[in-house]
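Results of the structural survey
Next come the chains, spelled out residue by residue.
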Amino acid sequence: MRNTAMADVAAAVEARWGGEMSERAAADAATRLRELCRENARACRAKRVHYANNLFPCISWYEALQKNGVSQRDALAFMDELWIERAARSAEATGKMLGYSGLYKLYPLIFRWVAKRQFGTKAGFEADFYRTGMTRCKFDMRKCLFLDTCEKYGCPELTQCFCHTDDAGNEGLHPNLCWNRTQYMGGGAAFCDFDIYVKKRDASARPPAEGPDCAHCI
């Protein structure tokens, strides 16, 4: 099957560095992708989804760019920029959907459902969820498959690309939604904090009250 992430990077690399270099890098990235997939063939499906859609394409191209003369700093900046652009495109579509009357009020619930379903312990994540109401989703991610995988393959700095997509994918989705992010493990923090809530009508933008303790919900 066609890997959308690999294709997106290939097009961006060709536009930036030209056909000859992009062809060499594409061949190297494809070889590296196959190696990574073989090494992790026995991983559970929950992890393989993240590997295929984000992690392995990003790592493969990051290494391929450096192999073909791009500095580590420039390769990192390029991958970071590209992953932010991909998240922003997805956010644009989500924002249009939330523009329909009242749908934005459901987004914190949807966000929580997706987090628990796709970023649970089976997929290599661990999070503490705060006890909040229906108009807010708040949790702290303590263990991250993206960070662990990037560290495993010697590129922990690449984790920031995935952290930045959280901001690009959730900030500014709707005027009545507030995305509150202060730190992430890809930037050296002990954990990633996630917090999105529906703004109050008094325009104070204060979040709904949260419980006094956390629950290991994933």
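A quick note: this is a predicted structure, and the numbers were derived from the prediction, not measured. Going along each chain's sequence as written, the residues are numbered from 1 onward. Under the rules for a predicted model, residues below a pLDDT of 70 receive no local features and side-chain atom pairs below 80 are neither given nor counted, while totals for whole chains, interfaces and linings still include all residues. For side-chain calculations, the full set of non-hydrogen atoms in the structure is used, while hydrogens and water are omitted.

1. As for the nonpolar core
Nonpolar side chains tend to gather and get buried jointly when the protein is soluble and globular. To be explicit about the condition: Only buried residues count toward a nonpolar core. Its members are Ala, Val, Leu, Ile, Met, Phe, Trp, Tyr and Cys residues joined through side-chain atoms within 4.5 Å. Buried means the residue's accessible area, taken with a 1.4 Å probe over protein chains only, is under 20% of the maximum for its type, while exposed means over 50%, and partly exposed covers the values in between. Helix and strand definitions here come from DSSP, where helices need a minimum of 4 consecutive H or I residues and strands a minimum of 2 consecutive E residues; each element is numbered from the N-terminal end. In what follows, residue pairs with any heavy atoms lying within 4.5 Å of each other are defined as contacts.
The biggest cluster of nonpolar side chains holds 58 residues, and the ones touching the most others in it are W61, L65, M79, W83, F139 and L158. Considering every element that reaches this core, the biggest residue donor is helix α3 (residues 45–67), with nine residues. Once you skip the residues sitting within four places of it in the chain, M79 turns out to touch V9, C58, W61, Y62, L65, L158 and C161.

2. A closer look at the packing of aromatic side chains
Short version of the rule: Each pair of aromatic rings taken from Phe, Tyr and Trp, with Trp reduced to its six-membered ring, is defined by centres within 6.5 Å and is described as stacked if the planes are under 30 degrees apart, edge-to-face if over 60, and tilted in the remaining cases. Lysine NZ or arginine CZ positioned within 6 Å of the ring centre and within 35 degrees of the ring normal marks a charge as sitting over the ring.
This structure, assessed with the given rule, holds 14 aromatic pairs. Both rings, one in Y51 and one in F56, keep their centres 4.4 Å apart while their planes meet at 10°; by these two values the pair is stacked. For F56, a relative accessible area of 2% corresponds to the buried category. Note on F111 and F194: the rings are 6.4 Å apart at their centroids and 40° apart in plane angle, and the pair reads as tilted. In this pair, F111 sits in helix α5 (residues 107–118) while F194 sits in strand β4 (residues 192–198), placing the two residues 83 residues apart along the sequence. Comparing F111 with F194, the two get one shared label, buried. Through successive ring pairs, a cluster of aromatic residues spans Y107, F111, F129, F139, W179 and F194. The lysine or arginine in question, R142, covers the ring of F191, its NZ or CZ lying 4.2 Å from the ring centre. We note R181 situated over the ring of F194; from NZ or CZ to the ring centre the distance is 4.6 Å.

3. Let's talk about the pairing of strand β2 (residues 136–143)
This is how it is decided: Here, strands pair whenever DSSP counts at least two bridges between them.
Burial runs high along β2: six of the eight residues are buried. When strand β1 (residues 126–132) meets β2, the two strands line up antiparallel, connected through four bridges. Considered in β2, the bridge of A127 is made with M141. A loop of three residues connects β1 with β2, the two strands running antiparallel in sequence. Examined bridge by bridge, β2 and β4 share six bridges and lie antiparallel to one another. Within the sheet, the bridge partner assigned to M141 lies in β4 and is C192.

4. Here we look at α3
Owing to its 3.6 residues per turn, the α-helix brings residues three or four apart onto one side. This is how the line gets drawn: To get the bend at a given residue, fit one axis to the seven residues ending there, fit another to the seven starting there, and take the angle between those axes.
At Y51, α3 shows its strongest bend, of approximately 55°. Every buried residue of α3 is listed here: H50, Y51, L55, F56, P57, C58, I59, S60, W61, Y62, A64 and L65. In this structure, the buried side of α3 is in contact with α1 (4–17), α2 (19–39), α4 (72–98), α5, α6 (145–152) and α7 (159–170). Note on α3: the residue one or two positions beyond its end, G69, has a positive phi of about 100°.

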